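# Architecture at a glance
Listed below are the residues making up each chain.
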Amino acid sequence: MSDKVSSAIQKLWTSYSKNTPQSLQLIDTYLVFILFSGVFQFVHCVLVGTFPYNAFLAGFISTVGSFVLAANLRIQTNPDNAGEFKSISPERAFAEFVFCNIVLHFFVVNFIG
């Protein structure tokens, strides 16, 4: 059973490394980082407590919002989805990602107080 699982994981990783463009791999790395950051914040909240509750909410909202925006960037810049986003170039998608992140973090900083 474990040989089948390790073989499947190795085949998946090889296919991902070979067939996925480097720009999408970079976005995937960012998504994994944001995911672990949100998990770490939640575990910290459960173990330590929520004394500065606004700080926890602002941080968690920041990670969730950043994850959603990065997932949207990945979808828009994926060459397989080029037919659905004909009018959006990868440069425009990245500019929208940056602008939306600035707006998101402006509200996050204001929420902290």
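Analysis parameters
- Residues numbered from 1 in each chain as written.
- Predicted model: local features only at pLDDT ≥ 70, side-chain atom pairs only at ≥ 80, totals over all residues.
- Heavy atoms only, no water.
- Helix = DSSP H or I, 4+ residues; strand = E, 2+ residues; numbered from the N terminus.
- Rg over C-alpha atoms; globule rule 2.2 N^0.38 Å.
- Buried < 20%, exposed > 50% of the residue type's maximum accessible area, 1.4 Å probe, protein only.
- Contact = heavy atoms within 4.5 Å.
- Areas by Shrake-Rupley, 256 points an atom, 1.4 Å probe, with all protein chains shown as cover.
- UniProt positions renumbered as here; feature names shortened; annotations may be inferred.
- Core = buried A, V, L, I, M, F, W, Y, C linked by side-chain atoms within 4.5 Å.
- Salt bridge = Lys/Arg side-chain N within 4 Å of Asp/Glu carboxyl O.

With that out of the way, let us pick up the overall build of the protein. The helix and strand tally for the protein stands at 4 helices and 0 strands. Ordering the α and β elements of the protein from the N terminus gives α-α-α-α. Taking 2.2 N^0.38 as the reference for a compact globule, 113 residues should give roughly 13 Å; the C-alpha atoms of the protein span a radius of gyration of 18 Å, well beyond that estimate. Its C-alpha atoms put the protein at 45 × 45 × 20 Å along the principal axes. A total of 113 residues make up the protein; the buried ones form 25% of that total. Within the protein, residue pairs in contact and separated by at least 24 positions form 68% of the contacts whose partners lie at least 6 positions apart. Working note: accessible area of the protein is about 8400 Å², and carbon and sulfur atoms make up 71% of it.

Per the UniProt annotation, the sites labelled "transmembrane region" (unreviewed entry) are residues 30-49, 55-73 and 93-112. Measuring from the first to the last C-alpha atom of residues 30-49 gives 27 Å, for a span that is 95% helix and 0% strand. The distance separating the terminal C-alpha atoms of residues 93-112 is 28 Å; by composition the span is 100% helix and 0% strand.

Attention now moves to the nonpolar core. Most often, soluble globular proteins have nonpolar side chains that are buried together. By size, the foremost hydrophobic cluster in this structure holds 12 residues: Leu24, Ile27, Leu31, Ala58, Leu69, Ala70, Leu73, Ile88, Ala93, Phe97, Leu104 and Val108. Ignoring anything within four residues of it in the chain, the contact list for leucine 31 reads Phe67, Ala70, Ala71 and Arg74.

For the rest of this paragraph, the subject is the environment of leucine 57. Here leucine 57 lies in helix H3 (residues 53-77). Separated by 53 residues in sequence, leucine 57 and asparagine 110 have C-alpha atoms that sit 12 Å apart.

Think of it this way: side chains of opposite charge can pair up when their charged atoms draw near. Applying the stated criterion to the full structure yields 2 salt bridges. Across the salt bridge formed by aspartate 28 and arginine 74, the nearest N and O atoms sit 2.4 Å from each other. A residue pair is termed long-range when its members are at least 10 positions apart, and aspartate 28 in helix H2 (residues 22-48) and arginine 74 in helix H3 qualify at 46 residues. The closest approach of N and O atoms between arginine 92 and glutamate 96, which form a salt bridge, is 2.9 Å. You can see arginine 92 and its partner glutamate 96 sitting in helix H4 (residues 90-112), 4 residues apart, about one turn around the helix. You can call glutamate 96 partly exposed: its relative accessible area is 27%.

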